[in-house]
Each structure stands twice: as structure tokens, then as C-alpha cells.
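Take a look at the letters that make up each chain.
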Amino acid sequence: MTRPFGSALVVIPARLASTRLPGKPLADIAGEPMIVHVWRRAVEAGVGPVVVACGDAPIAEAVRRAGGTAVMTPSDLPSGSDRIHCALEIIDPDRKHGAVINLQGDQPMIRSHLLTTVLDTLNWGDISTLARPIRPEEPADDPNVVKVAAAWPAGGGPGRALYFSRSAIPWGEGELLHHIGLYAYRRAALARFVALPPSPLERRERLEQLRALEAGMTIAVARVDTVPLGVDTPADLERARALLAARPPVTPR
């Protein structure tokens with residue numbers, strides 16, 4: 001697919017501070033720090049160079065030992081979006097890359113096609129992201145599962161995000177979509193986004209992406225068939241360890 005915004009970087013923001021699982025980027029999974037697994041999956045996807053934007057030196061050391069590229073960013077940046085913007089300006093001052101994928105550092109089993117899909121979907125918006133239909137057996141009212149309401153074109157293709165919420169939206173009979181926190185940004189859109197102050201709806205829902213919608217930016221949404229495992233709690237970590245224990249190692253290209 002032609003990408004008018006040009007080539008992309010994958011940037012993985014990571015810091016040691018975490019409310020529910022402190023130090024999780026360095027948590028051991030199958031003999032390697034979690035951040036290294038995420039880096040390997042991103043390299044495996046082959047969508048562009050991969051950089052880990054580190055808020056703490058031990059994370060950078062772990063990534064570099066594994067053969068990856070790490071960039072130190074200030075530890076007190078307010079969000080992952082600010083961290084990837086900072087890293088992008090450090091690693092690509094000549095602006096060779098017109099887009100960036102923000103891959104969270106707690107998804108050690110991210111599948112390659114998700115990164116390709118979110119980048120291709122950027123053709124339809126300032127920002128792009130993913131969603132998967134919520135299954136009948138899944139709790140739609142869980143506030144930790146973010147939902148997205150989107151307008152879908154009659155002819156098929158990506159939708160346009162109208163709202164994100166921790167509540168089950170939209171109301172009534174029909175499909176509900178589990179938002180997946182993987183984003184691609186056009187470079188100018190990312191610069192605009194991080195320059196905006198937190199918005200009222202963002203503060204109320206505690207969802208950063210609402211800042212973009214309140215500012216009139218477009219977020220394109222693609223439907224996918226899987227939600228990657230995010231490691232937020234000790235139980236999530238044990239699940240990731242069990243799933244990856246027997247998986248053969250990936251050799252980055």
C-alpha cells in the first residue's frame with residue numbers, strides 16, 4: 001500500500017515507574033527483560049527502524065545488550081506520547097521519517113500484522129489505531145477495557161473514531177469495540193498533539209486520545225481479530241511467562 005506520509009519509525013516508550021507493576025520493562029520473561037521481547041516483536045514486523053525511548057538508564061542498557069537502539073529521554077515526561085515525540089526528534093533530526101508508531105513497552109506478544117495494519121490505516125487520518133469486537137463472554141462494562149465508537153464507511157475500510165470511553169458505548173443493541181492502545185501518527189500530527197494541553201474530556205475519562213478528538217484531529221480505526229496481551233499486573237506477567245516459555249527465540253533481521 002502506498003503511504004503518502006513516507007517511511008515510519010517504531011518507537012517504544014518505557015520507564016520503570018508503574019503503579020501496578022513497578023519495574024515491569026525489566027521483568028524477566030523466558031530469560032529476557034520484557035522490553036527486549038517487545039523490541040524483538042517490533043523488529044520482526046519489519047515496518048521500519050525500531051527505537052526504545054527510555055526514561056531510565058537500566059532499560060537502555062538492557063536494550064543495547066540485546067542489540068537494539070535505545071534513546072534516553074527525560075524521566076519526568078507526562079506521557080508515552082511525549083516520550084516518543086522527544087525520542088523522534090533526537091533520533092531523526094533531519095525528519096527523514098514522516099510517521100511514527102507508538103508501541104507500548106508492555107506488549108511482549110504483539111503480532112506483526114497489527115503494526116502493519118495500524119501503519120496502513122494512517123492513510124485515512126492524522127492518527128490511526130485498532131479495535132476488536134468485544135465477544136459475548138467478555139465484560140463490556142469493565143472500565144479497564146476502553147471502548148471506541150466509530151463511523152464506518154458504507155463501502156468498507158477504516159472507520160473514523162467519534163469517541164473513546166471506559167463505559168460501554170454506543171448504547172443499544174449492536175457491536176461494541178475494544179480499543180487497542182497501538183497508534184500511528186503522522187509526524188506533524190504528533191507534534192501538534194503533544195503541544196496541546198490536556199483536554200476536559202481527556203481528564204474526565206483519563207484517556208489521552210480524547211485530546212486529539214477535542215482538537216478536531218481525525219483518528220482512523222481498523223478492525224482486527226486479536227487483542228495483544230498487555231502486562232499490567234503480576235497475574236498478567238505470569239500469563240506472559242507461561243505463554244512465552246516454550247516459544248522459540250526470534251532473531252531480529
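Residues numbered from 1 in each chain as written. Predicted model: local features only at pLDDT ≥ 70, side-chain atom pairs only at ≥ 80, totals over all residues. Heavy atoms only, no water.

S.K.: Before we go on, may I ask you to explain helix α8 (residues 234-244) in this structure?
M.R.: Listing the buried residues of α8 in full gives D236, L237, A240 and L244. End-on view of α8: buried residues confined to an arc of 100°, all on one side of the axis. In α8, the exposed positions that point more than 90 degrees away from the buried face belong to A235, R239 and A242. Structurally, α8 contributes buried residues whose contacts are with β2 (28-29) and α1 (34-45). (Buried < 20%, exposed > 50% of the residue type's maximum accessible area, 1.4 Å probe, protein only. Helix = DSSP H or I, 4+ residues; strand = E, 2+ residues; numbered from the N terminus. Arc of directions from axis to C-beta. Contact = heavy atoms within 4.5 Å.)

S.K.: Would you explain the pattern of salt bridges in this entry?
M.R.: Side-chain pairs of opposite charge can arise where the charged atoms are in close proximity. Enumeration according to the criterion identifies 12 salt bridges in this entry. E175 is paired through a salt bridge with R223; the nearest N and O atoms lie 2.9 Å apart. Taken together, the residues span a long stretch of sequence, with E175 in the loop between β9 (159-165) and β10 (177-186) and R223 in strand β11 (residues 219-223) at a distance of 48 residues. Each of E89, D92, R95 and R187 takes part in one network of salt bridges that share partners. (Salt bridge = Lys/Arg side-chain N within 4 Å of Asp/Glu carboxyl O.)

S.K.: When you look at the pairing of strand β1 (residues 8-14) in this model, what are you seeing that I'm missing?
M.R.: It is a general feature of regular strands that their side chains alternate between the two faces of the sheet. Burial runs high along β1: 7 of the 7 residues are buried. Direction of pairing for β1 relative to strand β6 (residues 99-102): parallel, over a ladder of 4 bridges. Bridging from a neighbouring strand, A8 pairs with A99 of β6. (Pairing = 2+ DSSP bridges.)

S.K.: Explain the packing of helix α3 (residues 80-91) against helix α5 (residues 187-195) here, please?
M.R.: Each pair of packed helices can be summarised by the angle the axes make with each other and by the distance between the axes. The contact between α3 and α5 brings their axes to 10 Å, and the two run at 125°. One way to sum up the angle between α3 and α5 is to call them oblique. α3 and α5 meet at a crossing whose hand is left-handed. Within the contact between the two elements, α3 uses S81, D82, I84, H85, L88 and E89 and α5 uses R187, L190, A191, F193 and V194. Here the contact of α3 with α5 is built from residues that sort into 6 nonpolar, 2 polar and 3 charged. (Axes fitted to C-alpha atoms, helices over the stretch in contact; angles between N-to-C directions. Parallel < 35°, antiparallel > 145°, perpendicular 65-115°, else oblique. Left-handed = near helix turned anticlockwise from the far one by under 90°. Nonpolar A, V, L, I, M, F, W, Y, C, P; charged D, E, K, R; others polar.)

S.K.: Sorry, what's going on with the environment of H113 here?
M.R.: Among the structural elements, H113 can be located in helix α4 (residues 112-121). Counting along the chain gives 68 residues from H113 to A45, while the straight-line C-alpha distance between them is 7.1 Å. Beyond its immediate chain neighbours, meaning those up to four positions away, H113 contacts D225 and T226.

S.K.: Even after reading the chapter, I still don't get the pairing of strand β4 (residues 50-54), so can you show me in this structure?
M.R.: Within β4, 5 of the 5 residues are buried, which leaves the element mostly enclosed by the surrounding structure. The two faces of β4 match: V50, V52 and C54 on one face and V51 and A53 on the other face are all buried. Alignment of β1 against β4, held across 5 bridges, turns out to be parallel. Looking at the pairing, V11 lines up with V51 of β4. Between β4 and its parallel partner strand β5 (residues 69-72), the chain crosses via helix α2 (residues 57-65), and the hand of that crossover is right-handed. (Right-handed = clockwise from strand over helix to strand, strands pointing away.)

S.K.: Would you mind showing me how to read α5 here?
M.R.: Residues separated by three or four positions in an α-helix point in the same direction, a consequence of the helix having 3.6 residues per turn. Of the residues making up α5, those classed as buried are R187, A189, L190, F193 and V194. All buried residues of α5 project into a common sector of 155° when viewed along the axis, lining one side. Within α5, the exposed residues directed more than 90 degrees away from the buried face are A188 and A195. Contacts made by the buried residues of α5 are with α3, β6, β10 and α7 (209-214).

S.K.: What should I look at first to understand the packing of α1 against α4 in this one?
M.R.: The interhelical angle for the contact between α1 and α4, taken along N-to-C directions, is 60°, at an axis separation of 8 Å. With respect to their mutual orientation, α1 and α4 come out oblique. Here the hand of the crossing between α1 and α4 comes out right-handed. Where α1 abuts α4, its residues R41, A42, E44 and A45 lie against S112, L115 and T116. Across the contact of α1 with α4, the residue classes break down as 3 nonpolar, 2 polar and 2 charged.

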